[in-house]
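Residue-level structure breakdown
Now for the letters of each chain:
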Amino acid sequence: MSPTHKIAVLPGDGIGPEIIEQAIKVLKAVEQKFNLNFELTYAPMGGAGIDAAGVPLPPETLKLAQESDAVLMGSVGDFKYDTLDPKIRPEQGLLQIRKALGLYANLRPVKGYKCLEHVSTLKPEVVNGIDVMVIRELTGGIYFGQPRAREGSGTQEKAYDTLVYTQPEIERIARIGFESALSRRKKLMSVDKANVLASSQLWRDVVNTVAKDYPDVELSHMYVDNAAMQLILNPKQFDVILTENMFGDILSDEASMLTGSLGMLPSASLGERKANGQRNALYEPSHGSAPQFAGQNKVNPIATILSLAMMLEYSFGYSQAASQIDTAIEQVLEAGYRTFDIMGPGATEVGTAELGDRIAAALLALPAAVAV
Ligand code: NAD
Ligand code: IPM
Ligand code: MN
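Looking now at the site of ligand 2. As a structural note, the neighbourhood of ligand 2 is formed by E91, L95, R98, R108, R136, Y143, D249 and S286. At 3.1 Å from an oxygen atom of ligand 2 is found a side-chain nitrogen or oxygen belonging to R108. Alone, ligand 2 offers 320 Å² of accessible surface; in the complex the protein occludes 78% of this. Broken down by element, the residue count for the shell around ligand 2 peaks at 3 residues, all from helix α4 (residues 90-100). Residue composition of the shell around ligand 2, by class: 2 nonpolar, 1 polar and 5 charged.

Here you go:
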């Protein structure tokens, strides 16, 4: 019998519960096919945390996450919380769990499926074969810098945030960037705004210093405004993009369009390696809770299912299971079953649940794997 892996499941708000349900269907199929065991414990966070316990990250939810081998999350946020005190908005729960688990490395792979080449708003020849890894620093920068405040009133009112990075914060994410490049096409593009920002000047210096340990990686630097444009002009020039928290938030949503939809973009958020060799890890789609579609069985569950595949690979080393999930998704897409956001001529539009069912069934139908 294989060991039991403890997974904290945090569906969150909006479309979160319905997309998580599809990932769990696929996880059940993985258990059956590969004879694996996952112990799932559900807990509220985001708006669901506010409703259940008055705060977006209830202490019990954090404790569960800390005691689990990995966290699988849906998404947080809903219009109905937009008027709350900003300190207890659902999104704060997400920032708190990232900080509390030390999840400084956010990996957002942008990988196109062949049959979706015509779905992107960009020309097929620009996006075909796209395979870019966006690495976003996740626990520093302007999201967390102090001081930050809103004070005064009337014409005296002002508000400020602080974009701060320390040398160690940059060095550890840079190492993740170089390691990722080494395992891929060995090209690293560090994106900053070093022509203006002091934090970016330190960023560039530290990345250049770390580069000395990775002579096989071809390092380049690009200003973020140019990078935003180059991603649309010629995205295939990129292999790994390494950048700070807010630039990464923006560029990864932009980059998702190379695949056809934000609903296709998964993510893994990883912490430092612990004494037992494991890292704290949270897996979630890169998109949000799309509240306008909540409960309609309409949205694309693939970003969440791919986040599950990342969990199997990064947290548990089940690479075969992860790649078979990818194959199952590809088969279902090739067969023409699509949610509305990735529809094309001749395709059949299905709902969230049917796409989840079809991917789980396709996985079970694949030839038995030699090893997980
Ligand atoms: P969003 O990512 O929820 O949606 C942006 C656009 O993408 C919308 O048009 C939406 O319909 C579409 N989209 C997103 N996911 C999709 C899917 N799976 N299938 C098909 N289409 C999809 O961003 P938003 O509208 O700016 O924010 C909505 C809420 O989500 C806010 O409360 C925001 O704070 C929150 N949010 C949460 C996360 C997270 O939990 N990680 C990330 C981003 C935004
Ligand atoms: C994301 C989201 C979050 C972020 C929000 C909801 C706090 O946009 O995960 O990309 O900005 O990091
Ligand atoms: Mn975002």
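Once you've had a look at it, read on.
On to the pattern of salt bridges, then. Applying the stated rule across the entire model yields 21 salt bridges. Residues R172 and E272 are paired through a salt bridge, measuring 3.6 Å at the closest nitrogen-oxygen approach. Separated by 100 residues along the polypeptide, R172 in helix α6 (residues 167-182) and E272 in strand β11 (residues 268-273) bring together distant segments of the chain. Here R184 and D239 are joined by a salt bridge, their closest N and O atoms 2.8 Å apart. Here R184, found in the loop between α6 and β8 (187-192), pairs with D239, found in the loop between α8 (224-233) and β10 (240-243); they are 55 residues apart in sequence, far enough to count as distant.

Within the structure, ligand 1 sits among 22 residues, and V76, E91, G288, A290 and F293 are positioned closest to it. Between V76 and ligand 1, the recorded distance is 2.9 Å, taken from a backbone N or O atom to an oxygen atom. At 2.8 Å, a backbone N or O of A290 approaches an oxygen atom of ligand 1. Listed by contribution, the elements that provide at least two residues to the shell around ligand 1 are β3 (70-75) and α4. Of the residues that constitute the shell around ligand 1, the class distribution is 10 nonpolar, 8 polar and 4 charged.

Before going further, it helps to examine helix α3 (residues 59-67). An α-helical turn contains 3.6 residues, so a residue and the one three or four places further along point in the same direction. Regarding α3, the residues found buried are T61, L62, L64 and A65. Down the axis of α3, the smallest arc covering the buried residues is 160°, so these residues share one side. Summarising the geometry of α3, the exposed residues directed more than 90 degrees from the buried face are P59 and E60. Elements that come into contact with the buried residues of α3 comprise β1 (4-12), β2 (37-42), β3 and α4.

Next up on the list: the nonpolar core. Counting 69 residues, the largest nonpolar core has V30, L312 and I325 as its most contacted members. The residue makeup of this core includes at least three contributed by each of domain 1 (1-109 + 262-372) and domain 2 (131-257). In this view, V30 contacts N35, L36, F38, L312, A321, I325 and L363; residues no more than four positions away in its chain are not counted. Counting 20 residues, the second largest nonpolar core, distinct from the first, contains V126, V132, V224 and F247.

This part takes up the packing of aromatic side chains. Taken as a whole and assessed by the stated rule, the structure comprises 5 aromatic pairs. Measuring from ring centre to ring centre gives 5.1 Å for F293 and F340, while their planes differ by 45°; the resulting arrangement is tilted. On the criterion of sequence distance, the pair formed by F293 in the loop between β12 (279-283) and α10 (302-314) and F340 in the loop between β13 (337-338) and β14 (348-349) is long-range, its members being 47 residues apart. Looking at F293, the relative accessible area reads 21%, which means it is partly exposed. For F340, a relative accessible area of 30% puts it in the partly exposed group. Ring pairing ties together the aromatic residues F38, F316 and Y318, which thus form one cluster. When the ring centre of F144 is taken as reference, the NZ or CZ atom of K99 above it lies at 4.7 Å. Its guanidinium or amino end placed over the ring of Y337, R358 lies 3.7 Å from that ring's centre, counting from NZ or CZ.

So, on to the domain arrangement of the protein chain. It is common to report an interface's size as the accessible area lost on association of the parts. For the protein chain, the domain assignment lists domain 1 (1-109 + 262-372) and domain 2 (131-257). On the domain 2 side, the residues contacting the 18 residues of domain 1 number 18 residues. The contact between domain 1 and domain 2 buries some 1,700 Å² in all, and 63% of this surface belongs to carbon and sulfur atoms. It is Y104, R108 and L262 in domain 1 that bury the most area against domain 2; as a group they hold 38% of the surface buried on that side. The interface formed by domain 1 and domain 2 contains 1 salt bridge. The tally of links between domain 1 and domain 2 comes to 5 residue pairs in polar contact (both at pLDDT 80 or more). When residues of the side of domain 1 that touches domain 2 are traced back to their parent elements, those giving at least two are α4, β4 (105-111) and β11.

Cut-offs applied
- All residue numbers refer to position in the chain's written sequence, counted from 1.
- Lettering for chains starts from A, numbering for ligands starts from 1, and both go in the order in which the items are written.
- Two thresholds apply to this predicted model, a pLDDT of at least 70 for residue-level local features and 80 or more for giving and counting side-chain atom pairs, whereas whole-chain, interface and lining totals are computed over all residues.
- Side-chain metrics in this entry use all non-hydrogen atoms of the structure; hydrogen atoms and water are not considered.
- Throughout this document, a residue counts as near a molecule or strand when at least one of its heavy atoms sits within 4 Å of that molecule or strand.
- Polar contacts, as counted here, are pairs of nitrogen or oxygen atoms within 3.5 Å of one another; within protein the pair requires one atom able to donate a hydrogen and one able to accept it, and residues that are adjacent in sequence qualify only if both atoms are side-chain atoms.
- Reported accessibility uses the Shrake-Rupley method at a 1.4 Å probe radius. Residues are deemed covered only where the shown protein chains occlude them.
- Secondary structure is summarised from DSSP: a helix means a run of H or I of at least four residues, a strand means a run of E of at least two, and numbering begins at the N terminus for each.
- Polarity classes work like this: nonpolar for Ala, Val, Leu, Ile, Met, Phe, Trp, Tyr, Cys and Pro, charged for Asp, Glu, Lys and Arg, and polar for all others, with Gly in that last group.
- We count a salt bridge whenever a side-chain nitrogen from Lys or Arg sits within 4 Å of a carboxyl oxygen from Asp or Glu.
- Throughout this description, buried means an accessible area under 20% of the type-specific maximum (1.4 Å probe, protein chains only), exposed means over 50%, and partly exposed covers the range between.
- Note that the arc is defined by the directions from the helix axis to the C-beta atoms.
- The contact definition used throughout considers only heavy atoms, calling two residues in contact when any of these lie within 4.5 Å.
- Buried Ala, Val, Leu, Ile, Met, Phe, Trp, Tyr and Cys residues that are joined via side-chain atoms within 4.5 Å together make up what is termed a nonpolar core.
- Each domain span listed reflects an automatic or database assignment of domains.
- Only Phe, Tyr and Trp rings take part, Trp by its six-membered ring, and two of them pair if their centres are within 6.5 Å. Stacked means planes under 30 degrees apart, edge-to-face means over 60, and tilted covers everything else.
- Here, over-ring charges are defined by two tests on the NZ atom of lysine or the CZ atom of arginine: distance to the ring centre within 6 Å, and angle to the ring normal within 35 degrees.
- Once two parts are brought into contact, the accessible area they lose, counted with a 1.4 Å probe and summed over both, makes up the buried area.

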